[in-house]
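Next come the chains, spelled out residue by residue.
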Amino acid sequence: MSLAKELVSLMRDSWDRRIGHDYLGWMNDRVESDEQMWETGSRDLRALLAYFEREGILDELLQGHVLDVGCGVGRILGPASLLFEKASGTDISPSAIARAADLLSSRENVSLEQGDGQSLSSYGDASIDFVYSFGVLCNMPVDCCAGYLREINRVLKPGSHASLQVFLGKCQPTLRQDTVAFRSFLEENFEAGMQLCGFSLLAADDLLVDADAPDDGWLRPRICVVRKTADAACRTDELAEQLYPGGEEDADESWPGSQTEYLLSVKRALEFHDQGKKREAHDALAFALEQYKDPEPRLKQLLAELKEELTL
Ligand SMILES: C[S@@+](CC[C@H](N)C(=O)[O-])C[C@H]1O[C@@H](n2cnc3c(N)ncnc32)[C@H](O)[C@@H]1O
């Protein structure tokens, strides 16, 4: 089952727009320099590898070929390339891949590709020793996430592992066209979905983060480690239904745009504003208000004030 072309274009264009605007803000923490980004990348890589360290099998894992699904600008792939024998990254956004190629140009063991946004078709069956993905699978439409889980199973060698950052908690309704909203799975649905997809779930560790979502208990970031025990024996739509019973609805014309994108951009703008960084605050706020049709009036006012102060 392939996704509608419009949905793939929407994912590519929206992520390209975000990353082109502010790649430091749109990876996973709103950092302000490449150095800080590498620090958070190393921290998150440690979380992705913690299970293997605990089990005493990390050294063996590092001998292999790792694939980062949704690598962005290489925030985690950079640190990973210093540990693994060979490190590949794929992402839907051409801007992300161009930036990653620039940032990681000196790493000879790194290869990057702009993927088609729904498959890992550049990678052969059973060709990869370890897959990880962070801040990607749970921000995309569930149908797309299910397709990637099957693809991850396909490219992994039998018996090898994937470490996936996902959200487990209550299942909240999200719209298919929202390319950044947090999707959260019920733990039992996720575990059953992994089984359908030929994986056994070995660990679902809590990940401690500076959560950007309201802490009302429904969104729990986890690092889930799975082992490929069989080929996926399900269709993508069956897996999506298992993960998110009832599926996602399509947005209609009254949809104002992604509230998650809006809230994250406003948060970034207000942080800059508090630090007296008016130009950056202006740009982040302009970005937020450009996309979202139902912004708070006080933010429109703040943008007008910033414009005037900067004599734009
Ligand atoms: C929040 S960023 C995280 C990037 C990186 N994993 C990290 O932690 O720094 C989400 C990334 O997922 C990528 N992405 C979104 N949808 C995708 C898709 N359908 N296929 C591949 N990559 C996708 C975006 O382009 C973006 O680089």
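Residues numbered from 1 in each chain as written. Predicted model: local features only at pLDDT ≥ 70, side-chain atom pairs only at ≥ 80, totals over all residues.

1. A short note on the overall build of the protein
Logical step 1: Check the secondary structure of the protein and you find eleven helices and eight strands.
Logical step 2: Radius of gyration (C-alpha) of the protein: 19 Å, near the 20 Å computed for a compact globule of 312 residues.
Logical step 3: Principal axes of the C-alpha set define a box for the protein whose edges measure 60 × 45 × 35 Å.
Logical step 4: Long-range contacts, defined here as pairs at least 24 residues apart, represent 69% of the contacts in the protein between residues at least 6 apart. (Helix = DSSP H or I, 4+ residues; strand = E, 2+ residues; numbered from the N terminus. Rg over C-alpha atoms; globule rule 2.2 N^0.38 Å. Contact = placed C-beta atoms within 7 Å.)

2. Points about helix α1 (residues 5-26)
Logical step 1: Between its first and last C-alpha atoms α1 spans 24 Å; for 22 residues at 1.5 Å apiece the expected length is 32 Å, and the helix comes up short by more than 12%.
Logical step 2: Bending of α1 peaks at approximately 75° at the position of Gly-20.
Logical step 3: If you follow the buried residues of α1, they end up packed against α5 (94-103) and α9 (259-274). (Expected span 1.5 Å × (residues − 1). Bend = angle between axes of the 7 residues up to and from the residue.)

3. Concerning the pairing of strand β8 (residues 219-228)
Logical step 1: Across the ten residues that make up β8, a large majority, seven, are buried.
Logical step 2: Across nine bridges, the pairing between strand β5 (residues 156-169) and β8 is antiparallel. Paired with Leu-164 across the bridge in β8 is Cys-224. (Buried ≥ 20, exposed ≤ 12 C-beta atoms within 10 Å, placed from the backbone. Pairing = 2+ DSSP bridges.)

4. Quick word on helix α2 (residues 34-54)
Logical step 1: With 21 residues, α2 should reach 30 Å at 1.5 Å per residue; the first-to-last C-alpha distance of 30 Å fits that figure.
Logical step 2: The sharpest bend along α2 reaches about 45° and sits at Leu-48.
Logical step 3: By the burial criterion, the buried members of α2 are Met-37, Gly-41, Asp-44, Leu-45, Ala-47, Leu-48, Leu-49 and Tyr-51.
Logical step 4: Immediately beyond the C-terminal end of α2, within one or two residues, lies Gly-56, with a positive phi of roughly 75°.

5. Thoughts on the nonpolar core
Logical step 1: Counting 74 residues, the largest nonpolar core has Val-131 and Val-166 as its most contacted members.
Logical step 2: Broken down by element, the residue count for this core peaks at eight residues, all from helix α6 (residues 142-155).
Logical step 3: Not counting chain neighbours up to four residues away, the residues in contact with Val-166 comprise Leu-137, Cys-138, Phe-185, Phe-190, Arg-222 and Cys-224. (Core = buried A, V, L, I, M, F, W, Y, C linked by C-beta atoms within 7 Å.)

6. Some thoughts on the site of the ligand
Logical step 1: As a structural note, the neighbourhood of the ligand is formed by 20 residues, with Trp-15, Gly-70, Gly-72, Arg-75 and Ser-93 the closest of them.
Logical step 2: Partitioning the shell around the ligand into residue classes produces eleven nonpolar, seven polar and two charged. (Near = placed C-beta within 6 Å. Nonpolar A, V, L, I, M, F, W, Y, C, P; charged D, E, K, R; others polar.)

7. Some thoughts on the domain arrangement of the protein
Logical step 1: Assigned domains of the protein: these are domain 1 (5-243) and domain 2 (259-309).
Logical step 2: Distance between the C-alpha centres of domain 1 and domain 2: 29 Å.
Logical step 3: Considering only residue class, the side of domain 1 that touches domain 2 consists of three nonpolar, two polar and four charged. (Domains from an automatic or database assignment.)

8. Examining unusual backbone geometry
Logical step 1: Here the phi dihedral of Ala-126 falls at roughly 50°; this positive angle occurs in a residue that is not glycine.
Logical step 2: Within the secondary structure layout, Ala-126 lies in the loop between β3 (110-114) and β4 (128-133).

9. What about the packing of helix α7 (residues 187-196) against helix α8 (residues 236-243)?
Logical step 1: Running from N to C, α7 and α8 cross one another at 160°; their axes reach a closest spacing of 8 Å. One finds that α7 runs roughly antiparallel with respect to α8. With respect to the hand of their crossing, α7 and α8 are arranged in right-handed fashion. The segment α7 lies against α8, with Asn-189, Phe-190, Ala-192, Gly-193 and Leu-196 engaging Glu-238, Leu-239, Gln-242 and Leu-243. (Axes fitted to C-alpha atoms, helices over the stretch in contact; angles between N-to-C directions. Parallel < 35°, antiparallel > 145°, perpendicular 65-115°, else oblique. Left-handed = near helix turned anticlockwise from the far one by under 90°.)

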